[in-house]
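A look at the structure
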Amino acid sequence: MNIVMQHLPIILIATPILMAALMILLRSKPRFQKDLNVTVSFLLTILSALLLLQVWNSGIQAYGVGEWGKYGIILVADLLSAGMVFLTTCISFLSLIYSLDYIEKRSLNSTYYPLFNLLLAGLNGSFLTGDIFNLFVFFELLLLSSCGLVIANEHGGVTRISDKMEATFKYLVLNMLGAFIMLIAVASLYATTGTLNMADISVKLSAMSAAGTMPWHVFAIALMFIVVFGNKAAIFPLHYWLPDVHPSAPSPISAMLSGVLINVGAYGMIRVFFLIFRDTLYIFQPVIIYLALATIIIGAISAVAQTDVKRLLAYSSVGQIGYVFLGIGLGGMYAITAALVYLVNHAVAKSMLFLSSGGIIHHAGTRDMRKMGGMVDSAPLLASMFLVGTMSIAGLPPTGGFIAKFLLFDAGISEKYYFEIGIALFFAVFTLFYMFRAWLLMFWGEKRDVEKYGEYSSHKASSLIVIPIIMLASAVLIFGLFAEPLISLATATAGQILDPQPYIQAALTEVVR
Amino acid sequence: MNNTLLSLTIAILFGIGTFLILRRDIVKVIIGLSIISHAVNMLIVSSGVFAGTKPPIITDDGGHGASETTGTIFTDVLSENILAPITTAGHSVNYVDPLVQALVLTAIVISLATTAFILILAYRIYEEYGTTDIKELRRLWG
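Definitions and cut-offs
Residues numbered from 1 in each chain as written. Chains lettered and ligands numbered in written order. Predicted model: local features only at pLDDT ≥ 70, side-chain atom pairs only at ≥ 80, totals over all residues. Heavy atoms only, no water. Helix = DSSP H or I, 4+ residues; strand = E, 2+ residues; numbered from the N terminus. Buried < 20%, exposed > 50% of the residue type's maximum accessible area, 1.4 Å probe, protein only. Contact = heavy atoms within 4.5 Å. Areas by Shrake-Rupley, 256 points an atom, 1.4 Å probe, with all protein chains shown as cover. Buried area = accessible area lost by both parts, 1.4 Å probe. Salt bridge = Lys/Arg side-chain N within 4 Å of Asp/Glu carboxyl O. Polar contact = N/O pair within 3.5 Å; in protein donor to acceptor, adjacent residues only side chain to side chain. UniProt positions renumbered as here; feature names shortened; annotations may be inferred. Expected span 1.5 Å × (residues − 1). Bend = angle between axes of the 7 residues up to and from the residue. pLDDT = per-residue confidence, 0-100. Patch = residues over 30% accessible without salt bridge, like charges linked within 9 Å, V, L, I, M, F, W, Y side chains within 5 Å. 1 Å grid on protein atoms, 1.4 Å probe; cavity = no way out; pocket = protein on both sides within 12 Å on 5 of 7 lines; lining within 4 Å. Points joined across faces, edges and corners; volume = space filled by probe spheres on them. Nonpolar A, V, L, I, M, F, W, Y, C, P; charged D, E, K, R; others polar. Axes fitted to C-alpha atoms, helices over the stretch in contact; angles between N-to-C directions. Parallel < 35°, antiparallel > 145°, perpendicular 65-115°, else oblique. Left-handed = near helix turned anticlockwise from the far one by under 90°.

A tally of regular secondary structure across chain A gives 21 helices and 2 strands. Expressed as a percentage of its 513 residues, the buried residues of chain A come to 63%. Taking contacts inside chain A between residues at least 6 apart in sequence as the whole, the part at least 24 apart equals 82%. In the structure as shown, chain A presents an accessible area of about 16900 Å², 70% of it carried by carbon and sulfur atoms.

This paragraph deals with the interface of chain A and chain B. The partner chain B presents 40 residues to the 37 residues of chain A that form the contact. With both chains or domains summed, chain A and chain B bury close to 3500 Å², and 78% of this area falls on carbon and sulfur atoms. When residues of chain A are sorted by the area they lose upon contact with chain B, A:Glu166, A:Phe169 and A:Tyr190 head the list and together hold 20% of the total. In this structure, the connection of chain A to chain B is made through 0 salt bridges. The tally of links from chain A across to chain B stands at 2 residue pairs in polar contact (both at pLDDT 80 or more).

What follows concerns the UniProt feature "transmembrane region" (unreviewed entry) in chain B. Residues and elements named next belong to chain B. Feature annotation in UniProt assigns "transmembrane region" (unreviewed entry) to the following positions: residues 6–22, 29–51 and 102–126. In residues 6–22, the share of helix is 94% and the share of strand is 0%. The end C-alpha atoms are 25 Å apart. The distance from the first to the last C-alpha atom of residues 102–126 is 36 Å, and the span holds 100% helix and 0% strand.

What follows concerns helix α5 (residues 105–128) of chain A. Residues and elements named next belong to chain A. The terminal C-alpha atoms of α5, which comprises 24 residues, lie 33 Å apart, in line with the 34 Å expected from a rise of 1.5 Å per residue. Approximately 50 degrees is the largest bend angle found in α5, and it occurs at Thr111, with the proline Pro114 only one to four residues beyond. Most of α5 is tucked away, with 18 of its 24 residues classed as buried.

What follows covers the confidence of the model for chain B. Confidence in the prediction of chain B, expressed as mean pLDDT, is 77, and 63% of residues score 70 or more. Across residues 61–68 of chain B, confidence stays below pLDDT 50; counting only partners more than four residues off in sequence or on other chains, it has 10 contacts.

A grouping of A:Leu477, A:Ile478, A:Leu481 and A:Phe482 is seen on the molecular surface, where their side chains present a nonpolar patch of about 400 Å² in accessible area. As for its placement among the helices and strands, A:Leu481 is situated in helix α19 (residues 463–481).

Using the criterion set out here, one finds 5 cavities of 30 Å³ or more in the structure. What the second largest cavity holds in volume is close to 70 Å³. Lining the second largest cavity are A:Phe136, A:Glu140, A:Met176, A:Ala179, A:Phe180, A:Leu183, B:Ser37, B:Asn41, B:Ala107, B:Ile110, B:Ser111 and B:Thr114.

Before going further, it helps to examine the pattern of salt bridges. Proximity of charged atoms lets side chains of opposite charge pair with each other. Residues and elements named next belong to chain A. Applying the stated criterion across every chain yields a total of 8 salt bridges over all chains. Of the charged contacts in the structure, one is a salt bridge between Asp78 and Arg271, with a shortest N-O distance of 2.8 Å. Taken together, the residues Asp78 in the loop between β2 (74–77) and α4 (79–102) and Arg271 in helix α11 (residues 251–276) connect sequence positions 193 residues apart. Take Arg271: its relative accessible area is 6%, and that puts it in the buried class. Asp200 is paired through a salt bridge with Lys204; the nearest N and O atoms lie 3.6 Å apart. In this pair, Asp200 and Lys204 both sit in helix α8 (residues 198–211), 4 residues apart, roughly one turn of the helix. Within the structure, one salt-bridge network assembled from shared partners comprises Lys170, Asp244 and Arg311.

To continue, consider the layout of surface pockets. All names here are of chain A. Taken as a whole, the second largest pocket holds about 770 Å³ of empty space. Leu52, Phe86, Leu87, Cys90 and Phe479 are, among the 29 residues lining the second largest pocket, the residues nearest its centre. Of all the secondary structure elements, the ones that give two or more residues to the lining of the second largest pocket are α3 (30–58), α4, α14 (333–364), α19 and α20 (484–498). If you tally residues by element for the lining of the second largest pocket, the top one is α4, at 10 residues. Partitioned by chemical class, the residues of the lining of the second largest pocket number 26 nonpolar, 3 polar and no charged.

Attention now goes to the side chain of A:Ser357. Residues and elements named next belong to chain A. By secondary structure assignment, the location of Ser357 is in helix α14. Judged by relative accessible area, Ser357 falls into the buried class, the value being 0%. Once you skip the residues sitting within four places of it in the chain, Ser357 turns out to touch Ser251, Val309, Lys310 and Leu313.

Relative orientation of the contacting elements helix α6 (residues 132–150) of chain A and helix α3 (residues 99–129) of chain B amounts to 10 degrees, with a least axis distance of 11 Å. By the angle class used here, α6(A) and α3(B) are roughly parallel. Residues A:Phe133, A:Phe136, A:Val137, A:Glu140, A:Leu144, A:Cys147 and A:Gly148 of α6(A) form the contact with α3(B), whose participating residues are B:Leu103, B:Thr106, B:Ile110, B:Ala113, B:Thr114 and B:Phe117. Taken together, the residues of the contact of α6(A) with α3(B) break down into 9 nonpolar, 3 polar and 1 charged.

This paragraph deals with the packing of helix α7 (residues 161–193) of chain A against helix α2 (residues 26–47) of chain B. Close contact between α7(A) and α2(B) brings their axes to 9 Å; oriented N to C, the two are set at 10 degrees. As the angle between them shows, α7(A) and α2(B) are arranged roughly parallel. Note on packing geometry: the crossing formed by α7(A) with α2(B) is left-handed. Counted together, A:Phe169, A:Val173, A:Met176, A:Leu177, A:Phe180, A:Leu183, A:Ile184, A:Ala187, A:Tyr190 and A:Ala191 of α7(A) and B:Ile26, B:Val29, B:Ile30, B:Leu33, B:Ile36, B:Ser37, B:Val40, B:Leu43, B:Ile44 and B:Ser47 of α2(B) form the full contact between these two elements.

In structure tokens, the structure reads:
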């Protein structure tokens, strides 16, 4: 047990990679493959909870891979990283259970498990790494594995394969360009400071800034990082790939993409701007705030007109991530807390909505909301679960979304950003409108398209599909009713983000095992 | 002079790559992407230090050519918190930064994998749509 506790960060990254290789070898034994993957995924959830506990109890953990100190790759688990890893492993465990029944058998046995594990490794790695080039490597890992997963086949074939190809092509080209921009930024940063360790870069840049010799191109590099992470998180000028890609993926993968993968962008923005580019933040704070506001507006307006349920949820993701970035841009202690609470609530609620939209699509046999209706009789469970998610995204009590929106707007008002909060509040009403419009269209009213409808035509929703949805929905309610633990965790995390000295101390101290 | 030529080459490669990415043919877009990736790789190499023909290895003679014994420490002593290389005062270790070359190798491998994937994707798109014209790929528009 002791040795596991000591090597927790690397275990969380290496185990999924090892599993990915094992899953390819085990593809002739589907039963064993499934059991092994679910068990390991559950163990990873427990391990990430242990990591969070360890960080909470005994401060920031730095892990030097290969014991090269600050010259090698280090993994650093502070509250932000450990919390994100915990969120990721929980949602991916539930998505994995869901996909056991949802994904087509042939695709599941051959490519789905390995790619899913690689995606998990990429996510955990990019949250835990303390090396900026390594961050790029993990970004590429999760980009390629998520491309493979978007193309995976689901039961029933509600999405045409050509749509998936088109969406994936768009996603891949844009994200490759994002990766090139990130490489340019990393190379310039390396040429400026002579190190790739994020804590070390931070020390050197603040020394330069204190001496007044900070070169001007640091600002350009910071701008490039806004483009990179904005592209990952679908911020306003770079948002247009998301509503194509997320709906085309099978539902558990949509849940992973919309719930977890766009958090990577928010995480990167927090990490890079509050650790490395602290001294350029005074210029970029307004940029982030107004990009976030534009994202909120575009997301809300586009979502109102959608007829495809998953496309509506994807546009809603665009809008909601705008609120998270608004919190990051406001930048005070309270605002960062609010952004983190918002991030967690959105991740849970949105992955729950995508999972239940998969159940709904299989129930109705179509993705077009205009052809659905009256499903509250035939699928009461899905209807109530979807209602919980709808309320959370719209920000109604007693769900977590209410707490998150309340904190965010309260933070903005107390920091006197009246105009910005006014716009955000106005478009939050849009959220209420389009989410409830979707719910009413799908579940209320008369049955339409009677001959095809209401017979679970393509696939029956089994307990494997229902249980993850119920668990996530109860998490949404718990975050609304007992918000205090999450808020205090987010407050502690925000404290660590705004005061990076402990992080730098932990990362630069040599650990000899 | 050397650096100017290198910068110029990188700039021209970026230009060509951007031009190709804006074409309508999928294959041209992919070629453009890989040209941009080469430009980025050259940029990374150029971010390291150039020093003539020096190898990216720290040699024991404390530099290149000079053979006098210096007090330079080349191996880590982790228990005493010593991380190599540490040079004594008055001496300097001259070597070309090896890290950028490691970075470039990683970047090349990654872009190889991505390009292989995107080429297969382009072939499948051609099979599904019967065309490589990007303007025809518009089923998701709207």
